[in-house]
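# Descriptive analysis of the structure
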Number of protein chains: 2
Amino acid sequence: MIRTLDQMVEKVLSFHRKHRIAVAWAQDANTIGAIHKAASYGLIDAILIGQQAEIKNICRRAGIDYSLFSLVDSPDESEAASLAIRMTRSGDADIAMKGLVGTDKFLKAVLDKKDGLMIPGAVLSYVCAVQIPLYHKLLFITDTAVIPVPSLEQKIAMANYALEMARRFGIRKPRIALVSATEKPSRHFISNSDYSVMMKMAREGHFAECLMDGPLDIFLACDKKSVEIKRVETPVNGEADILLFPSLESSNPFYKGLMLFAGGELAGLIRGTEKPVIVMSRSESEMSKFYCIALACLMA
Amino acid sequence: MIRTLDQMVEKVLSFHRKHRIAVAWAQDANTIGAIHKAASYGLIDAILIGQQAEIKNICRRAGIDYSLFSLVDSPDESEAASLAIRMTRSGDADIAMKGLVGTDKFLKAVLDKKDGLMIPGAVLSYVCAVQIPLYHKLLFITDTAVIPVPSLEQKIAMANYALEMARRFGIRKPRIALVSATEKPSRHFISNSDYSVMMKMAREGHFAECLMDGPLDIFLACDKKSVEIKRVETPVNGEADILLFPSLESSNPFYKGLMLFAGGELAGLIRGTEKPVIVMSRSESEMSKFYCIALACLMA
């Protein structure tokens, strides 16, 4: 079982296989820095798509040897995006990654019915593995980036994606908490109705092997002491592997609080695609960017 | 300016005035422990309302001298609650506090039109001051406990309560962030429409002196570096004093994450009442319970 993000990197290295990453609109110091680090570790080979002259300049300024990368010239943002996606779709690359191109334009290429990367009919969502010094294992959190207010169908997809990722980390029976403000179902929260349907589905075996419970608050999900004090019976039992949140306004402040104030690092990935797709926020730390690339390799 | 919860305690002690607290259904080891600590510090005198024999037993077991407290015998949970509230209303006590009585029954007594403690027409809400080692000052968060999904009117009340509390802590021009998942207004979040009305009201001077901005994510609200990287112009500028959240499913996981994983302590208080009313969760830490009592004294 993988308990830290560095253990995840070791796991990927144990495959002894370099994954090829196609980076869309790559002339961004931040992105190239992360790519260079992953390449140095022997995780990846990179194909940098974008304005060649600019890419070379950035490499020179950062003291990075650009001959380590394949460079593909592209004069246009949207063209670079669709080229990265098409290369990944065709198998010329294993992983697609957003560079300086706007998220909207990049996701448009991912979602393109004909040339995109979506699994037909799949929900586009996002899962991240968060590492915090004061928790004894990784915490998989969904959805912190894509779906504003997930429907029941989307919540089910989110649960499945998170369970699939947790299993790749060697967790046989992930504990999944459906997060709310309290463990008492409330008529005020739409999420709570969806949660009760999901609990029924879990009892009937519609999910992969797991221990699901909700609604739960964060204390009951992640703190054994709170479970004892409150004397609540829950299979999650303060040892959640996965936190499924009711909305982006709920998940996003939570994970950002952990990043800022709890020494958190993360590895996150888009889900619902045929091949891994990396979309990173510019405000993530250097380490988190590196971990995102490693996670894509693990899930490829 | 008060920057820590211990500085808040010092401030209250500098008043050289003991506040009288009426505790409803007080036969609870946890509650009595917190009350005893506050009494030992010279912050309060306590009136313990409930089953006298049981209260004495708990004190004996904890090695607490119950003659330090006034004891008022009451055989019934609801009666104890309404007695505590009536004593506070009449001036026999300065502060009302929930003991072992259920939150619903206690709040029913607080909300009672004839004998309760509400300011006529006021919104019942909750503000807490959170202290975390990795932030350079206190963070006032609202509403982490009472209003599930606040309306615009309730959000305005929440902002006013938090601003009032921040001023009591000596913050002249509090920076208040209206929290969402990103700084870009989204049609998916109802909160964002309310925020735009509040921003207009702030520009027109409807709030006490403050620097308000929203929607903002947690990075832009609380991290100067993120503001620089993203080059967003915001008066909050990564130095928020107050975080106003769009819902309980958003605020509650956030603050609980900080408590569990970021070494957080808090002091929280019900707002909208004529006199301070303390409602503490059993899963709060010993220190947080003590700080809640001290905060009630500061706001009395």
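Calculation criteria
Residues numbered from 1 in each chain as written. Chains lettered and ligands numbered in written order. Predicted model: local features only at pLDDT ≥ 70, side-chain atom pairs only at ≥ 80, totals over all residues. Heavy atoms only, no water. Pairing = 2+ DSSP bridges. Helix = DSSP H or I, 4+ residues; strand = E, 2+ residues; numbered from the N terminus. Contact = heavy atoms within 4.5 Å. Axes fitted to C-alpha atoms, helices over the stretch in contact; angles between N-to-C directions. Least-squares fit on C-alpha atoms with pLDDT ≥ 70 in both. pLDDT = per-residue confidence, 0-100. Buried < 20%, exposed > 50% of the residue type's maximum accessible area, 1.4 Å probe, protein only. Right-handed = clockwise from strand over helix to strand, strands pointing away.

Attention now goes to the sheet that holds strand β1 (residues 19-24) of chain B. Residues and elements named next belong to chain B. If you trace the five strands from one edge of the open sheet to the other, you get β3-β2-β1-β4-β11, paired in parallel fashion. Sheet topology places β3 (70-73) and β11 (277-278) at the edges, where each strand pairs with a single neighbour. Pairing of β1 with strand β4 (residues 95-98) involves four bridges; the strand directions are parallel. The residue of β4 that forms the bridge with Ile21 is Ile95. Strands β2 (44-50) and β3 of the sheet are contacted by helix α3 (residues 52-62), whose axis makes an angle of about 145 degrees with β3. Across the sheet, helix α4 (residues 77-90) touches β1, β2, β3 and β4, and the angle it forms with β1 is around 160 degrees.

Between chain A and chain B, the superposition needs a rotation of 180 degrees and an axial shift of 0.0 Å, giving an RMSD of 0.0 Å. What the superposition gives is, in effect, a two-fold axis relating one chain to the other. Of all interface residues in chain A, 100% are interface residues in chain B too; the two copies therefore contact each other through one and the same surface.

Time to look at the sheet that holds strand β7 (residues 175-179) of chain A. All names here are of chain A. Ordered in space as β8-β7-β9-β6-β5-β10, the six strands form an open sheet in which the pairing is mixed. Two strands close off the open sheet at either side, each with one partner strand: β8 (211-216) and β10 (265-271). For this sheet, the mean inter-axis angle between neighbouring strands, taken without regard to orientation, is 20 degrees. Its contacts with the sheet place helix α7 (residues 190-203) against β7, β8 and β9 (242-244), and it is angled at close to 160 degrees to β8.

Of the residues in chain A, 100% have a pLDDT of 70 or more, and the chain-wide mean is 96. For this predicted complex, the interface score ipTM comes out at 0.95, alongside a pTM of 0.95.

On to the pairing of β8 of chain A. Residue and element names in this part refer to chain A. Of all the six residues making up β8, five are buried; the element is thus mostly covered by neighbouring parts of the structure. With four bridges connecting them, β7 and β8 associate as parallel partners. Bridge pairing links Arg175 to Leu211 in β8. Regarding topology, α7 serves as the crossover connection from β7 to the parallel β8, and that connection is right-handed.

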